[in-house]
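The chain contents come next:
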Amino acid sequence: MFSVSRQDFGPNFVFGTATSAYQIEGGQGDGRGSSIWDTFAATPRNVKNADGGAIACDHYNRWPEDLDIIRDGGFDAYRFSFAWPRLIPEGTGAVNQAGLDFYDRLIDGMLARGLKPFATLYHWDLPSTLQDKGGWMNRDIGNWFAEYAALSGRHFGDRLHATATINEPWCVAFLSHFLGIHAPGYRDVRAAARAMHHVLFAHGHGVDALRAEGVKNVGIVLNLEKSEPATESAEDQIAFDYGDALFNRWYLGGVFKGQYPEVLTKALAPYLPKDFERDMDVVSRPLDWLGVNYYTRGLYKHDPNVPIFPIGQVKGPREKNDLGWEIYPEGLEALLVRVSNEYTKLPLYITETGMSETDDTRRVAFYDEHLKAVARAQGQGADVRGFFAWSLLDNYEWAEGYTSRFGIVHVDYETQLRTPKGSYRAFQGMLHNTR
Ligand code: IFM
């Protein structure tokens with residue numbers, strides 16, 4: 001049971017659950033092209049147990065049952081993503097009719113169940129053919145992404161309640177091109193700097209393409225953290241400034257102010273695309289809403305041994321999830337108030353939060369605390385309009401494979417049996433019959 005009730009969040013507050021295509025769909029026949037996650041997962045030592053998304057939760061076939069589960073939970077909305085290689089297998093050019101048909105069925109299925117479709121165009125499954133051309137390192141991705149956005153907007157746009165261009169650009173750029181943890185697995189500062197700019201450049205092109213097709217309610221989903229210095233020392237303050245700039249301000253500043261933090265444009269000057277400043281009006285196209293994904297805080301300390309950004313991270317003292325991420329609900333409150341005061345008055349949605357954990361009573365407490373943090377942020381003026389639990393199902397947790405379970409519904413990967421957990425029942429208890 002949660003200690004909050006639906007009414008605590010205002011009359012039209014949207015409650016939903018979230019997933020993404022590669023993490024749940026499987027169904028890789030039917031004309032879907034190869035994605036960077038297929039090959040990254042197939043490469044030894046990238047993913048625990050060499051797990052890949054070939055079957056995942058078999059949502060490609062089991063979507064009616066999954067949508068029934070969302071409806072029966074009393075949720076208002078479902079956040080899902082389109083798989084670019086399912087719709088345009090080679091990234092540009094020929095369209096896969098089976099892909100259009102699948103998402104037609106899925107969206108119509110949501111509408112038939114009274115669920116608002118919140119779509120994301122890109123949740124990390126880049127078509128491999130585009131990676132062959134440099135992927136996010138290539139400026140042409142602005143045009144490739146616009147073509148894909150236009151198709152999605154033209155075909156599905158009138159049935160979507162909200163559309164996000166990109167999910168978590170920090171992960172697309174930094175985690176995947178500097179830290180090498182996600183596909184395509186680069187550890188290269190020039191690759192990262194280019195991806196950091198091009199992901200937002202492509203986002204802006206995507207916004208234009210969606211609007212040209214008449215799509216309403218367009219946004220982006222940023223993963224943000226509550227960055228803090230590890231100590232009060234001057235050196236750690238500087239480390240915090242770098243960390244906050246890398247995780248938060250690059251994306252918030254780019255999208256809402258058309259400006260990247262100077263501390264990074266200086267540090268990355270040799271590696272950024274030439275004349276990137278000329279693109280900032282595209283990067284900062286006006287939006288209708290912002291999605292915030294929040295999981296933890298970042299605690300930064302000075303580390304003189306790290307070149308370019310002399311920073312390291314330390315673990316905070318609080319409870320952790322089973323991936324070691326510190327649980328810090330008041331960070332969500334502070335972050336929402338900061339975004340609202342410093343960056344945008346647009347409607348905010350918590351498009352993801354959740355906990356990797358097998359002990360579901362801890363997950364119930366996690367959600368309760370984070371819901372309360374949202375209500376407190378609303379009380380301080382943050383215009384938060386919705387909350388999506390990550391995730392509907394246990395699913396493919398990227399480099400963690402299937403070892404990490406974020407679902408409010410348990411999935412037995414042998415049988416594909418879905419079993420609602422206590423956290424699902426807690427949402428159901430709060431939401432039931434109040435839609
Ligand atoms: O599973 C991911 C999701 O794809 C993006 N946001 C964070 C989640 C948990 O790591």
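Heads up: the structure comes first, above all this text.
How each quantity is defined
- Along each chain, numbering runs from 1 in the same order as the chain's sequence is written.
- Residues qualify for local features only when their pLDDT is at least 70, as the model is predicted, and side-chain atom pairs are given and counted only at 80 or more; totals for whole chains, interfaces and linings, by contrast, use all residues.
- Heavy atoms from the whole structure form the basis of all side-chain values; hydrogens and water molecules are not counted.
- Just to be clear on terms, a salt bridge is a Lys or Arg side-chain nitrogen sitting within 4 Å of an Asp or Glu carboxyl oxygen.
- Secondary structure elements are defined from DSSP: runs of H or I of at least 4 residues count as helices, runs of E of at least 2 residues count as strands, and each element is numbered from the N terminus.
- The rule is simple: take the accessible area with a 1.4 Å probe, protein chains only, and divide by the maximum for that residue type; under 20% is buried, over 50% is exposed, in between is partly exposed.
- Aromatic pairing here means that ring centres of Phe, Tyr or Trp (its six-membered ring) are within 6.5 Å. Orientation follows from the plane angle: under 30 degrees is stacked, over 60 is edge-to-face, and everything else is tilted.
- When the NZ atom of lysine or the CZ atom of arginine is within 6 Å of a ring's centre and also within 35 degrees of its normal, the charge is said to sit over that ring.
- A pair of strands is treated as paired once DSSP finds two or more bridges between them.
- In this description, a line fitted to the C-alpha atoms serves as the axis of each element, helices being fitted only across the stretch in contact, and the angle between N-to-C directions of two axes falls anywhere from 0 to 180 degrees.
- The scheme is simple: roughly parallel for angles under 35 degrees, roughly antiparallel for over 145, roughly perpendicular for 65 to 115, oblique for anything else.
- In a left-handed crossing the near helix is turned counterclockwise from the far helix by less than a right angle, and in a right-handed crossing that turn is clockwise.
- We call two residues contacting when some pair of their heavy atoms lies within 4.5 Å.
- Polar here means any residue other than Ala, Val, Leu, Ile, Met, Phe, Trp, Tyr, Cys and Pro, which are nonpolar, and Asp, Glu, Lys and Arg, which are charged; Gly is therefore polar.
- Here, the term nonpolar core denotes a set of buried Ala, Val, Leu, Ile, Met, Phe, Trp, Tyr and Cys residues that are joined through side-chain atoms within 4.5 Å.
- In these notes, residues near a molecule or strand are those with any non-hydrogen atom within 4 Å of it.
- Identification of polar contacts relies on pairs of N or O atoms within 3.5 Å, with a donor-acceptor requirement for protein atoms, meaning one able to donate a hydrogen and the other able to accept it, and with residues adjacent in sequence counted only if both atoms are side-chain atoms.
- Surface accessibility follows the Shrake-Rupley procedure with a 1.4 Å probe radius. Residue values consider only the protein chains on display as shielding.

### Structural notes on the pattern of salt bridges
Then, number 1: Counted according to the given criterion, the structure contains 37 salt bridges.
Then, number 2: Its salt-bridge partner being Asp 288, residue Arg 211 comes within 3.0 Å of it at the nearest N-O pair. A residue pair is termed long-range when its members are at least 10 positions apart, and Arg 211 in helix H9 (residues 189-212) and Asp 288 in the loop between helix H12 (280-283) and strand E7 (289-293) qualify at 77 residues.
Then, number 3: A relative accessible area of 33% means that Arg 211 is categorised as partly exposed.
Then, number 4: With its nearest N and O atoms 3.2 Å apart, the salt bridge here joins Glu 369 to Lys 372. One end of the pair, Glu 369, and the other, Lys 372, are both in helix H14 (residues 360-379), three residues apart, so they sit about a helical turn from each other.
Then, number 5: Its relative accessible area of 32% is what places Glu 369 among the partly exposed residues.

### Description of the packing of aromatic side chains
Then, number 1: Enumeration over the complete set of coordinates arrives at 47 aromatic pairs.
Then, number 2: An aromatic cluster of three or more residues is present, and its members are Phe 2, Phe 9, Phe 13, Phe 15, Phe 75, Phe 366, Tyr 367, Phe 387 and Phe 427.
Then, number 3: Against the face of Phe 102 rests Arg 86, its NZ or CZ located 5.5 Å from the ring centre.
Then, number 4: The ring of Tyr 328 has Arg 297 lying over it, and the distance from NZ or CZ to the ring centre is 4.0 Å.

### Focus on the pairing of strand E1 (residues 14-18)
Then, number 1: Judged by how many residues are buried, E1 sits mostly within the fold: five of five residues are covered.
Then, number 2: Because side chains alternate across E1, one face comprises the buried residues Val 14, Gly 16 and Ala 18, and the other comprises Phe 15 and Thr 17, equally buried.
Then, number 3: Across five bridges, the pairing between E1 and strand E11 (residues 384-390) is parallel. Bridge pairing in E11 links Ala 18 to Trp 390.

### Description of the packing of helix H8 (residues 169-177) against H9
Packed helices, taken two at a time, are described by the angle their axes make and the gap between the axes.
Then, number 1: Two elements in contact, H8 and H9, have axes whose closest approach is 8 Å; the angle formed by their N-to-C orientations is 170 degrees. Viewed along their axes, H8 and H9 adopt a mutual orientation that is roughly antiparallel. Crossing of H8 against H9: the hand is right-handed. In this structure, H8 uses Pro 169, Val 172, Ala 173, Phe 174 and His 177 to contact H9, whose residues at the interface are Ala 191, Ala 192, Ala 195, Met 196, Val 199 and Leu 200.
Then, number 2: Counted by class, the contact of H8 with H9 contains ten nonpolar, one polar and no charged residues.

### Things to note about unusual backbone geometry
Then, number 1: Residue Ala 183 is joined to Pro 184 through a cis peptide bond whose omega torsion reads 10 degrees.
Then, number 2: Here the residue pair Trp 390 and Ser 391 is connected by a cis peptide bond, since its omega of 15 degrees sits within 30 degrees of zero.
Then, number 3: You can see Ser 391 is positioned in the loop between E11 and strand E12 (409-412).
Then, number 4: For Asp 58, which is not glycine, the phi dihedral falls at a positive 50 degrees.
Then, number 5: Following the sequence through the fold, Asp 58 ends up in the loop between helix H2 (36-42) and helix H3 (59-72).

### Some points on the packing of H9 against helix H10 (residues 234-257)
Then, number 1: Closest axis-to-axis distance for the H9/H10 pair is 11 Å, and the angle between their directions is 35 degrees. As H9 packs across H10, the resulting crossing turns out to be right-handed. Packed against H9, whose contacting residues are Met 196, His 197, Leu 200 and His 203, the element H10 presents Leu 246, Trp 250, Tyr 251 and Val 255 at the interface.
Then, number 2: Here the residues of the contact of H9 with H10 are counted per class, giving six nonpolar, two polar and no charged.

### A short note on the nonpolar core
Then, number 1: Within the largest apolar cluster, 134 residues are counted, with the highest numbers of intra-cluster contacts made by Phe 82 and Phe 427.
Then, number 2: No other element matches H9, which puts ten residues into this core.
Then, number 3: For Phe 82, the contacting residues outside a window of four places in its chain are Ala 21, Leu 87, Tyr 103, Ile 107, Ala 119, Thr 120, Leu 121, Asp 125, Tyr 148, Ser 152, Phe 156 and Leu 160.
Then, number 4: Listed in part, the 13 residues of the second largest apolar core include Val 14, Ala 18, Phe 118 and Trp 289.

### Some remarks on the side chain of His 182
Then, number 1: Checked against the element boundaries, His 182 lands in the loop between H8 and H9.
Then, number 2: According to the relative accessible area criterion, His 182 is buried, its value standing at 8%.
Then, number 3: Setting aside anything within four residues of it in sequence, one finds His 182 in contact with Trp 37, Phe 40, Trp 124, Leu 175, Ser 176, Trp 398 and Ala 399.

### Some points on the site of the ligand
Then, number 1: Around the ligand, the neighbouring residues are Gln 23, His 123, Trp 124, Asn 167, Glu 168, Tyr 295, Trp 325, Glu 352, Trp 390, Glu 397, Trp 398 and Phe 406.
Then, number 2: Take Glu 168: an N or O atom from its side chain is 2.7 Å from a nitrogen atom of the ligand.
Then, number 3: Note that an oxygen atom of the ligand is positioned 2.6 Å from one of the side-chain N or O atoms of Glu 397.
Then, number 4: Protein chains bury 95% of the 280 Å² of accessible surface belonging to the ligand in isolation.

### Let's talk about the environment of Gln 237
Then, number 1: Within the secondary structure, Gln 237 sits in helix H10.
Then, number 2: In this structure Gln 237 comes out as partly exposed when scored by relative accessible area, which is 35%.
Then, number 3: Through-space distance from the C-alpha of Gln 237 to that of Tyr 300 is 8.1 Å; in sequence the pair is 63 residues apart.
Then, number 4: Residues contacting Gln 237, with those up to four places away along its chain left out, are Pro 229 and Glu 232.

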